[in-house]
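Structure assessment
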Amino acid sequence: FPFYAHFAMTAPFLLIALFLLGTYHVLKERKISINYFLGIGILFISFILANYLTLENFVFGEVASHRSEWSKEVPGLAKSLKTFITTMIRGQYHSAVFLGLPVFLLSIYLTIKKETHWRTIGALLVSIVMISFFYSIYKYISVSLEEVLHLLTSFQFNRFTFLLPLFFYLLLILCFSSFKTRTYLLSAVAILFCLGNMASNKELTHNAAKLVLPHSISKKIPTFGDFYAQDLFAEIKEHIQLPQEEYRVVSLGFHPSVAQYNGFYSLDSYQNNYPLAYKRKFEKVIEGELRKNKELERYYTNWASRCYLFSAELKESCYLNCKKDSNVSIEELNINTDALKELGGRYILSAVPILNAANIKLTLDRTFENDHSSLKIYLYQL
């Protein structure tokens, strides 16, 4: 598990939850399960081994991280209250979005009625409330203690929300086992919960549509193959006719991960930890576009894990999902191509035409498209 799980989103919270559960049983049973805590220890060591380089760089790295400039703004009371309620009954968008209200209400009813397993159900309900509350106020805690413990602002310790989907499914199981007979209400809650979860998550609805609907209807839903467009990017690679490690590219109107997946060395990327100095250098490339859109400016200034070649015009249209049938173009792209060259940039892979290309020292080399990809790539050379 540690070798394929996302460390920052699972490891600390899973380990803490397992340790607390074990401690509870020690206090309750008055004896220690050596195997249980040995298992937690092995899991902990495995996580360290699997993520040693990341942890070493994060904890002992001497280079300032872009995370040091993360936003220190705190949400208002109304927004915090909304976050608390929605997280408690709908989950958190990173960990999962689900329709938890029916299960939540039924669990409250069983706890009040003191049905079978009511103590366990009550404990899970309290845990859900506490995790949701902690998530909603974490920004206040991290900002107020930032001077004492800077780690609070550079690592998100509020991700216990990744436990919420598990807790809700446990509640559903306990609800079933608490009723002596299977009632229509219980069946309705279970069906509503499961269907609601599917409807709330695009990944699930897209997969279900691909499996169930005729191809003529579901063909517009992208697959992994459609997204990464290997045939299309193989054409681009062949056209450039240089070893990929000898030049750098940036992507415009689609995610850099597509170019990266196809072997291109990119100057833009989605990174959870990279040097602050690089953020500043890349900001010189896109500062003209950032000034045109306050939302993009805040997004990059206060976060910047998405270090992309942003366009204010695309932000108002297709943004990072510009398909070849979107009929979108950029009238005026205000980027500093000299700064991009200084970083080693040689090509811009754009999903849309750049109408002022000549004015910013860009030359359209060639366009690429085929029947298998929803992208049309305009290859611009610096």
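Above: the structure in question.
These notes cover the structure that comes with them. Every value quoted in this text rests on a predicted model; they were computed, and no experiment measured them. (Residues numbered from 1 in each chain as written. Predicted model: local features only at pLDDT ≥ 70, side-chain atom pairs only at ≥ 80, totals over all residues. Heavy atoms only, no water.)

**Let's talk about the sheet that holds strand β1 (residues 248–252)**
Taken in spatial order, the four strands of this open sheet run β1-β4-β6-β5, and their pairing is mixed. The outermost strands of the open sheet, each flanked by one partner alone, are β1 and β5 (363–368). Strand after strand, the sheet turns through a mean of 25° between neighbouring axes, direction not considered. Strands in contact with helix α13 (residues 230–240) are β4 (345–350), β5 and β6 (377–381); relative to β5, the strand with the most contacts, it is inclined by about 140°. (Pairing = 2+ DSSP bridges. Helix = DSSP H or I, 4+ residues; strand = E, 2+ residues; numbered from the N terminus. Axes fitted to C-alpha atoms, helices over the stretch in contact; angles between N-to-C directions. Contact = heavy atoms within 4.5 Å.)

**Brief notes about the state of the cysteines**
One pass over the full model with this rule turns up one disulfide. The disulfide partner of Cys318 is Cys322, and the S-S distance across this bridge is 1.9 Å. Its S-S torsion of approximately 80° makes the covalent link between Cys318 and Cys322 right-handed. Residue classification places Cys322 among the buried residues on the basis of a relative accessible area of 1%. With no disulfide of its own, Cys175 has Cys194 as its nearest cysteine by sulfur position, at a separation of 12 Å. Looking at Cys175, the relative accessible area reads 0%, which means it is buried. When its relative accessible area of 40% is taken as the criterion, Cys194 is described as partly exposed. (Disulfide = S-S within 2.5 Å. Buried < 20%, exposed > 50% of the residue type's maximum accessible area, 1.4 Å probe, protein only.)

**Digging into the layout of surface pockets**
Reported here for the largest pocket is a volume of approximately 1700 Å³. Mapped by element, the contributors of at least two residues to the lining of the largest pocket are α1 (7–29), α4 (77–90), α6 (118–144), α7 (151–154) and α16 (294–302). (1 Å grid on protein atoms, 1.4 Å probe; cavity = no way out; pocket = protein on both sides within 12 Å on 5 of 7 lines; lining within 4 Å. Points joined across faces, edges and corners; volume = space filled by probe spheres on them.)

**What to know about the packing of helix α15 (residues 276–292) against α16**
Remark: α15 packs on α16, axes separated minimally by 8 Å, with the N-to-C direction vectors making an angle of 165°. What the angle tells us is that α15 and α16 run roughly antiparallel. Taken as a pair, α15 and α16 cross one another with a handedness that is left-handed. Together, Lys279, Phe282, Glu283, Ile286, Leu290, Arg291 and Lys292 of α15 and Lys294, Leu296, Glu297, Tyr300 and Thr301 of α16 make up the contact between the two elements. Residues of the contact of α15 with α16, tallied by class, amount to five nonpolar, one polar and six charged. (Parallel < 35°, antiparallel > 145°, perpendicular 65-115°, else oblique. Left-handed = near helix turned anticlockwise from the far one by under 90°. Nonpolar A, V, L, I, M, F, W, Y, C, P; charged D, E, K, R; others polar.)

**Let's talk about the pairing of β6**
A large share of β6 lies buried, amounting to four of its five residues. In this structure, β4 lies alongside β6, joined through four bridges in antiparallel fashion. Across the sheet, residue Tyr347 finds its bridge partner in β6, namely Gln381.

**Re the nonpolar core**
In terms of nonpolar packing, the biggest core is built from 52 residues, with Phe233, Ile236, Tyr300, Ile348, Leu349 and Ile377 touching the most fellow members. At the level of secondary structure, the elements contributing two or more residues to this core comprise α13, β1, α14 (256–261), α15, α16, α18 (337–342), β4 and β6. Excluding anything up to four places from it in sequence, Leu349 contacts Phe233, Ile236, Val249, Val250, Ser251, Leu252, Phe254, Ala259, Ile377, Tyr378 and Leu379. (Core = buried A, V, L, I, M, F, W, Y, C linked by side-chain atoms within 4.5 Å.)

**Brief notes about the pairing of β4**
Among the six residues that make up β4, five are buried, leaving the element largely enclosed by the rest of the structure. For β1 and β4, the ladder comprises five bridges, and the chain directions are parallel. Along β4, the bridge assignment pairs Ser251 with Leu349.

**Thoughts on the side chain of Ser350**
With respect to the element layout, Ser350 can be found in strand β4. Judged by its relative accessible area of 0%, Ser350 is buried. One polar contact links the side chain of Ser350 to the main-chain carbonyl oxygen of Val352, over a distance of 2.5 Å. With sequence-adjacent residues up to four places away left out, Ser350 is seen in contact with Leu252, Phe254, Lys376, Ile377, Tyr378 and Tyr380. (Polar contact = N/O pair within 3.5 Å; in protein donor to acceptor, adjacent residues only side chain to side chain.)

**Thoughts on the packing of aromatic side chains**
Inspection of every chain in the model, using the stated rule, returns 25 aromatic pairs. With 6.4 Å between their ring centres and 65° between their planes, Phe134 and Phe160 make a pair best called edge-to-face. Of this pair, Phe134 sits in helix α6 while Phe160 sits in the loop between α7 and α8 (164–178), and the two are 26 residues apart along the sequence. What makes Phe134 partly exposed here is its relative accessible area of 28%. Grouping aromatic residues by their ring pairs yields a cluster made of Tyr270, Tyr299, Trp303, Tyr308, Phe310 and Tyr319. (Phe/Tyr/Trp six-rings, centres within 6.5 Å; stacked < 30°, edge-to-face > 60°.)

**Let's talk about empty space enclosed by the protein**
Any empty space left between atoms is shown by rolling a water-sized probe over those atoms. On inspection of all chains with the given rule, the structure shows two cavities of 30 Å³ or more. Its boundaries defined by the atoms lining it, the largest cavity holds a volume of some 70 Å³. Along its surface, the largest cavity is lined by Phe227, Gly253, Phe254, His255, Val258, Leu320, Asn321, Cys322, Lys323 and Leu375. As a volume, the second largest cavity reaches approximately 60 Å³. Along the walls of the second largest cavity sit Ser251, Leu252, Gly253, Phe254, Tyr308, Leu309, Phe310, Ser311, Leu314, Tyr319 and Leu320, which together make up its complete lining.

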